[in-house]
Amino acid sequence: MKETVLEVKDLVTTFKSADGPLPAVRGASFSVKKGETLCIVGESGCGKSITALSIMGLLPSNGMIADGSIYFNQRNLAEMSPKQMQKVRGNDVSMIFQEPMTALNPVFTIGFQIREPLMIHLKLSKKQAHMRGIELLRMVGIPSPVERMNQFPHELSGGMRQRVMIAIALSCNPSLLIADEPTTALDVTIQAQIIDLLNDLKEQLDMSMIMITHDMGVVAEIADRVIVMYAGEIIEEGRVEEIFENPQHPYTKGLLASVPNVDDPEFDLKPIAGSMPMLNEQISGCRFHPRCPYAFDKCMEKSPKTFHVTDKQSVRCWLQEEGVEQNGGRRASSL
Amino acid sequence: MVVDEQVLYSVKNVKKHFPVRGGLLQRVKNHVKAVDGITLDIYKGETLGVVGESGCGKSTLGRTILGLESLTEGELVFNGNNISNYSSRQLKPYKKEMQMIFQDPYASLNPKQRIGDALEEALIIHTNLTSLERRERVLQLLNEVGLKEEHYERYPHEFSGGQRQRIGIARAISINPSFIVCDEPVSALDVSVQAQVIKLLRDLQEKHGLTYLFVSHDLGVVRHLCNRVLVMYLGQMVELAPVHKLYENPTHPYTEALLSAIPRPTVGRKRERIRLRGDLPSPSNPPTGCPFHTRCPIAKEHCSTEKPAWREIDEGHFIACHER
Ligand SMILES: Nc1ncnc2c1ncn2[C@@H]1O[C@H](COP(=O)(O)OP(=O)(O)OP(=O)(O)O)[C@@H](O)[C@H]1O
Ligand SMILES: Nc1ncnc2c1ncn2[C@@H]1O[C@H](COP(=O)(O)OP(=O)(O)OP(=O)(O)O)[C@@H](O)[C@H]1O
Ligand code: SF4
Ligand SMILES: [Mg+2]
Ligand SMILES: [Mg+2]
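Everything quoted here is computed from the prediction, not taken from an experiment. (Residues numbered from 1 in each chain as written. Chains lettered and ligands numbered in written order. Predicted model: local features only at pLDDT ≥ 70, side-chain atom pairs only at ≥ 80, totals over all residues. Heavy atoms only, no water.)

Engineer: Residue-level account of unusual backbone geometry, with values.
Structural biologist: The phi torsion of most residues other than glycine is negative, and most of the peptide bonds are trans. The phi dihedral of alanine 231 of chain A falls on the positive side, at around 45 degrees, and the residue is not glycine. Residue position: alanine 231 of chain A is located in the loop between β9 (225-230) and β10 (233-239). Despite not being glycine, asparagine 13 of chain B shows a phi value in the positive range, around 45 degrees. Mapped onto the elements, asparagine 13 of chain B comes out in strand β1 (residues 7-22). Residue classification places asparagine 13 of chain B among the partly exposed residues on the basis of a relative accessible area of 33%. (Helix = DSSP H or I, 4+ residues; strand = E, 2+ residues; numbered from the N terminus. Buried < 20%, exposed > 50% of the residue type's maximum accessible area, 1.4 Å probe, protein only.)

Engineer: Tell me about the sheet that holds strand β4 (residues 63-72) of chain A, and please be specific about residues and values.
Structural biologist: Residue and element names in this part refer to chain A. Taken in spatial order, the four strands of this open sheet run β2-β1-β4-β5, and their pairing is antiparallel. Two strands lie at the open edges of the sheet, namely β2 (22-33) and β5 (75-76), each paired on one side alone. Here strand β1 (residues 4-15) pairs with β4 via eight bridges, running antiparallel. For phenylalanine 15, the partnering residue across the bridge sits in β4 and is glycine 63. Across the face of the sheet, helix α1 (residues 48-56) comes into contact with β1, β2 and β4 while running at roughly 115 degrees to β1. (Pairing = 2+ DSSP bridges. Contact = heavy atoms within 4.5 Å. Axes fitted to C-alpha atoms, helices over the stretch in contact; angles between N-to-C directions.)

Engineer: Residues and numbers for the environment of valine 267 of chain B, please.
Structural biologist: Considering the arrangement of structural elements, one finds valine 267 of chain B in the loop between α9 (253-261) and β11 (310-314). Separated by 15 residues in the primary sequence, valine 267 of chain B and histidine 252 of chain B have C-alpha atoms spaced 27 Å apart. Every residue in contact with valine 267 of chain B, bar those within four places of it in the chain, is listed here: Ala220, Val240, Glu241, Phe244 and Glu245 of chain A.

Engineer: Residue-level account of the pattern of salt bridges, with values.
Structural biologist: Going through the model one piece at a time under the given rule, you end up with 29 salt bridges over all chains. Salt-bridge contacts for arginine 225 of chain A lead to glutamate 237 of chain A; the nearest nitrogen and oxygen are separated by 2.7 Å. Of this pair, arginine 225 of chain A sits in strand β9 while glutamate 237 of chain A sits in strand β10, placing them twelve residues apart in sequence. Glutamate 237 of chain A matches arginine 225 of chain A in its accessibility class, with the two residues each being buried. Here glutamate 241 of chain A makes a salt bridge to arginine 239 of chain A, at a shortest N to O gap of 3.9 Å. You can call glutamate 241 of chain A partly exposed: its relative accessible area is 37%. Salt bridges here are not isolated pairs; linked through shared partners, they connect Asp196 and Glu221 of chain A together with Arg273 and Arg275 of chain B. (Salt bridge = Lys/Arg side-chain N within 4 Å of Asp/Glu carboxyl O.)

Spatial relationships are all this shows, so hold off on functional conclusions.
Put into C-alpha cells, the structure is as follows:
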C-alpha cells in the first residue's frame, strides 16, 4: 500500500465574531496517499476552501486553527511558524486558488510570475528559471510558450490563464497539489482540457492531489476517493465508486439527485428542501436533520457517530445504527 | 408544458454588433459581432434553450429580443406585430408581456429597498391597482415563489442566493407576462437550491402558460427543462433541434464536442471525449467561412472559405455544416 502523504486529524477552524469563535470546520479527519486524488465536495459555505486554506497556512486573518493536527510527511503543519509554512508552500505543497482571474498579477508578465518561485525556492538563475518556465508552459499545453513569457495575463484567455496557474503551482515539483474549483469558471470544452491535463500530470509526476469542487461530474472524472462535507463536517467518505453507486448519507443521496442527468431524459429531479445553515446557527444532534427526509428523534438529540460501511467508506448518520429501519439502504456495522 | 405550435415571437436575421473603440480619438476601430444573424420562431408555451460557450452571444440575443439592446439589423415580430422600429412609448404594452430573469438577481435589486417595495414597482408602472390591491398581489407573489409574507419587510442582503432568485422570479411574473427570457437563472446557485428553482420555474410555466427563452451553459439543466435547443457559436446558429434529437443525435461537430465534454456524474464508464483544439476565436474577428472551422475536427478546405447553409436534416432539426 502507498504511503500516506497528508493526515488531517480532528481539524477545527474557527472565525472570530462578536458572539465568540464560530467554527467553519468542525473536527474534520482525512488522509491522502501518494499519487492519490481526493475530492472534497459539498455546497457553498460548507467549509471546503477553509479546510484547504488551513492546510496551506493561508487562513484569513480572522480565522485560526483551534484544534487538531495536520501531518504532512510526519511534520505537523498546524504547529509551524509562518516562516516555516512559507517554505513548505514553496517546496512541497502548492495550491490553485478558486478565483483564477485574480490569482495572477495583472501588472507582471507571465514570465516574471513563473520565474519568481523557481528563483526563490529552487535557487535557479534567471536564465535557468526562464528555460524551466518555458518547459512548464509547454507541459501544461500552452501554444507558443516562448512568446507567452512576455505577455500579460489580460492577453490570455481564461483557459490559458488557468493553465498558467497550474504551471506555476507545479513549478517546484510539489508532492501535494490542492486545486480549489480550478475549472468552475471555464467553459465545458476548456474544462475538459484542464481535467485531462490534471489527470495526465498526476500520473506523470506521481503527485497527490486534493480537488475541491461542487460539480459531481468533475468528481466522477478525477477522484480516487471522495469526502462529502456538510456545514463544516465530513458526513461521508469513500472510494469514488462507493460514493456514486452506493451513497449512504441522505445528504450525499440528495446531492446526487439534484444534478439533472444529461444522458437521461426521464431523470427525476429531487431537490433537497431548505438550505445550508449559517455558521452561527445552533443545531442540535445531526446538523443535517432540519433538511433530512429520514430524520427521527435520535437525529435531533445526538450528533451521529461514524459508521463504517466498508473498509474505505464511512458515514455519519444514525440510520446506519443496528436496528434502525431504512428503506433501500444497506445495513452497516457500527464502529 | 403545452406547446401548440403557434408562433409567439418571430426573430428574423437579427444582428447586434457592438462598436470597439480605440486609439487617441476613440474612433470605432472594429465591431464585436455578438449576435450575427439569428432567425427563429418561438412557439407559445415552449421552453427554448440557448446554449454555447462564454461570449457566444446568448445574453445579447436575449437582451436584443427584449428590446433592451437596439437592433443592428433584422426584424422582431411579437404576436404578429413587427416591433423592430417601435418607439419606447409604442413598446410599452409589449414590455409588459416580456420579462427577464437574471443570473445575479442581487445586482438588479436596490439594496436600500425593501423586497415588498421592489416587487410593487412594476405593478405601479404597468397596472392601475390601488396600493392595497398591490400589497395583496405582492403577498400572493411571495407565496407563489415559496417565500413568506414576513419577507415583504426585508432587504436584499438578508436573503440567500436561492431566495434572491425567487425574488427575481416573483418580480418577472408580477405583471403576468407571456414571455420570459431566463438568463442563466440557476447558474450561480448550489445544486440543491438550483434543483428547487428549476422546479419552481416549471410549476410556474405550467400554471401560467409561460413561454421561456432559457439561456444556459449547463446542458444537463437544458435537457431537463427545454423543449427545443439552439446551439450558438460566435454569434451564429450552428444547430437547432427538439431536445431529444439534439441530445440523442447531435449532428453539428460543435454540438457533438460540447456534449461529449460534459463531465458525467457516473463512474467506471469512460467515454471517448472529442477534444477540441485551441480557444474560442475573437468575436470581433470571426473566422471566414464556417465560424467553427478553426477548431473543427472534420473541417475540409471549403469550410474556411464558404459559409455553410442553414438546412433542415430531419423534421425540426436544423444545422449549418458542410460535412454533415
Ligand atoms: N474571512 C471569513 N470570516 C468569517 N467567516 C468566513 C470567512 N471566510 C469564510 N467564512 C465562512 O466559513 C464558512 C466556510 O467557507 P468556505 O469558503 O470554506 O466555503 P466553501 O465550502 O469553500 O464554499 P464555496 O463552494 O462557496 O467556495 C462559510 O460559512 C463562510 O461564510
Ligand atoms: N455592451 C457591450 N459592448 C461591447 N461588447 C459587448 C457588449 N455586451 C456584450 N459584448 C460582447 O459580445 C459578445 C457576446 O457577449 P454575451 O454576453 O452575449 O455572451 P454570452 O454568450 O452571454 O456569454 P456568457 O456565457 O459568458 O454569459 C462578447 O464578446 C462580449 O464581450
Ligand atoms: S461546416 Fe465545416 S468547419 Fe464547420 S462544422 Fe461543419 S465541417 Fe466543421
Ligand atoms: Mg470555496
Ligand atoms: Mg451571458
